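Spelled out, the chains give:
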Amino acid sequence: MNQTHADNAHAGGDQAVTLYGLLAEYQDAEALVAAARRCREAGYTAMDAFSPYPIEALDEALGIGRTRLPLFVAVAAVVGGLGGYFLQYYTAVIDYPWMIGGKPLHSWPMFLPITFECTILVAGLAAAVTMIALNKLPEPYHPLFNVPEFERASQDRLFLCIEASDPKFDAVKTSAFLTELGAREVTHVYP
Amino acid sequence: MEMPKRSRMQVLKHGHDFESVTHIVSAFPLTKRPPRGWFLAFGAAFSLMLVLMYSVGVLFLKGVGVWGINIPVAWGFAIINFVWWIGIGHAGTLISAILFLFRQDWRTSINRFAEAMTLFAVACAGLFPLLHLGRPQKFYYIMPYPDTLGLWPQWRSPLVWDVFAVSTYGTISLVFWYVGLIPDVATMRDRASNRLVKTIYGIMAMGWRGSARHWHRYQTAYLLLAGLATPLVVSVHTVVSFDFAVSNLPGWHTTIFPPYFVAGAVYSGFAMVITLVLPVRAIFGFKDFITEKHMNNMAKVMLATGLIVAYGYIMELFMAWYSANPYEQAVFFQTRWQGPYAWSYWSLIACNIIIPQLLWFRWVRLNPYVLWIVAIIINIGMWLERFVIVITSQHRDFLPSSWDSYWPTVYDYTLFLGTLGLFFSLLFLFIRVLPMISIFELRELVAHHTQEEAWHGANTGEVPPGTGAARGETET
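Described in the following lines is the structure provided in the data block. Bear in mind the structure is a predicted one, so any value in this text is a computation, not a measurement.

Tallying secondary structure elements over chain B gives 15 helices and zero strands in all. For 476 residues, the compact-globule estimate of 2.2 N^0.38 gives 23 Å, and the C-alpha radius of gyration of chain B, at 24 Å, lies within 12% of that figure. Across its three principal directions, the C-alpha atoms of chain B cover 75 × 60 × 40 Å. By the burial criterion, 47% of the 476 residues in chain B qualify as buried.

Okay, the pairing of strand β1 (residues 21-26) of chain A next. Residue and element names in this part refer to chain A. Burial runs high along β1: six of the six residues are buried. On β1, burial covers both faces: Gly-21, Leu-23 and Glu-25 on one face and Leu-22, Ala-24 and Tyr-26 on the other are all buried. Taken together, the six bridges between β1 and strand β3 (residues 158-163) define a ladder with antiparallel strand orientation. Residue pairing in the sheet places Gly-21 in a bridge with Glu-163 of β3. Pairing between β1 and strand β4 (residues 185-189): five bridges, direction antiparallel. Residue Ala-24 lies in a different strand from β4, and its bridge partner there is Val-186.

Here the focus is the sheet that holds β3 of chain A. All names here are of chain A. With respect to topology, four strands assemble into an open sheet ordered β2-β3-β1-β4, the strand pairing being antiparallel. In this open sheet, the two edge strands, each paired with only one partner strand, are β2 (47-50) and β4. Neighbour to neighbour, the strand axes of the sheet diverge by 20° on average, direction disregarded. Here helix α3 (residues 29-41) sits on the sheet in contact with β1, β2 and β3, set at roughly 15° to β3.

Bringing the interface of chain A and chain B into the picture now. Between chain A and chain B, the residue contacts involve 54 residues of the former and 47 residues of the latter. Those elements that place two or more of their residues in the side of chain A that touches chain B are β2, α4 (57-62), α5 (69-95) and α6 (108-134) of chain A. With 17 residues, the top contributor of residues to the side of chain A that touches chain B is α6 of chain A.

As a further point, take helix α8 (residues 257-283) of chain B. All names here are of chain B. Look at α8: 39 Å from first C-alpha to last across 27 residues, which is about the 39 Å you get at 1.5 Å a residue. In terms of burial, α8 is largely enclosed, as 19 of its 27 residues are buried. Phi turns positive, to about 70°, at Gly-285, one or two residues after α8.

Cut-off values and rules
- Residues numbered from 1 in each chain as written.
- Chains lettered and ligands numbered in written order.
- Predicted model: local features only at pLDDT ≥ 70, side-chain atom pairs only at ≥ 80, totals over all residues.
- Helix = DSSP H or I, 4+ residues; strand = E, 2+ residues; numbered from the N terminus.
- Rg over C-alpha atoms; globule rule 2.2 N^0.38 Å.
- Buried ≥ 20, exposed ≤ 12 C-beta atoms within 10 Å, placed from the backbone.
- Pairing = 2+ DSSP bridges.
- Axes fitted to C-alpha atoms, helices over the stretch in contact; angles between N-to-C directions.
- Contact = placed C-beta atoms within 7 Å.
- Expected span 1.5 Å × (residues − 1).

Following this line, the structure appears as structure tokens:
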């Protein structure tokens, strides 16, 4: 199976140079998490797992640190809230002061609903945009999409990929190691 | 002996694996030609939508005079329909955000559908304030922009708050829905065989590949969005209720309005979810995913929020009596209990308080036909509630010389029916092109179940996964 990929277009090329990485398929979530943990213990760093649903145990197994995303959202919430309040304060008190019904120009309790809505709006948009940006999406092309079996990563199969950029990477030894960890199949991925 | 055992009510029937849930949910959007029933349903909805287009055309040509509104009843069907539609939307956000925060796994198979319902309901709701403007082409006056007159919106007006609340709600609902869809459209991209279809799903999926690092950020973002949407949904109907409560009109000027509007919104929203989901589950064979547990839980939420609404009605009456305010008392004890609109008040009490008490019975909650009828009745009751609030409070003004009555014209009715057409057209299109159940969350449920089964061993006597019998109708 891996042979077929090696044959198309890359036949005869220097595999160690052109290889993007090795993609190993595992039977179930436990096997995938265990394999990821073993690879990390073995010193691999440039690797990632792919699953059709979130597997929380992978965070620890792959050593994924806490994301900065909540920080962006918190900043956005503050900016949104202050912005919403400032909009009302500036327009009602400074730019066009206009006495209505004897209410004070700076009637802050009446400004709170819009302040709240602006907070949520900006923070919510930031949560989505930051998630997409930190994930470096949209990414229409990725070497993994060259592997036909990878279509199943969004359906029912679980994969672990060790990239060739890893200092410990060796096409033969790494492949053997992944198989030893219970991989059903190890595929070569070309960029 | 044949009484179902309570503990066996499941969120997902046994016997499903990743492939089976993926296949069942993604099958309909990927079929080349939908069945004739879909065309009939969409055609009916689209015809009603054409009625909407015609009515809007007439309205724009002739003005709001084609409606039955007058002075003192300046708010007619447009505002009733606005509040009704926006309330329906609330169940979607409640299911997707609040139940997510509470880790209710039964939300999984209904949240996508309910969120779509929210979006389309907000789209229908948003039309009405615009149509209600005498000069709809000047709608942008309500937005804060530096105009040549130097004027700004009146920030002390609940109607301006409403613009911000509803537009924020629509935007965040769309974002939440889209973020939830990304992994599923990636699945659709990978399953589609038609090149064009694959490309469109591919663009929507933005190259999602299920990386563990991506999932980590994805889940954080989703949790934060849920946390943000939760206070938002409460604020939206609160602000809608401020449209009434901040005024000085007897019947509107009450502090009970915000909580009872929010409860009423959830009440009507769950009624609409049940109205839509029960036929869908029967037609598309989703009985394994949308189980009796879902019906039972949704019915219980309806019952609970219905009781809060009942409390609101009773407390309004009590406050009218206790305040000793003659105008307040006149609204409740004369113009609502008696007079030309008494039918609407008493039908509302029957639809929203009396009939829903059937939901105390377990067989009602589990019988799809009876539950569906009760849900429809609640939908009607919640529409009547807004009718009673809007019309009866206005038509008897402070001075009898200003009294008038409101009777809707044909264009009032066609606009309302027309938005039903818009809503169902969008809904049928959604069903046709997108997975209507969140597939990746179903896979999480499957993984969770498989794990549990492995721990509990085979002593439970359940049908082992993978056997066809598990998909039958034998359980519970």
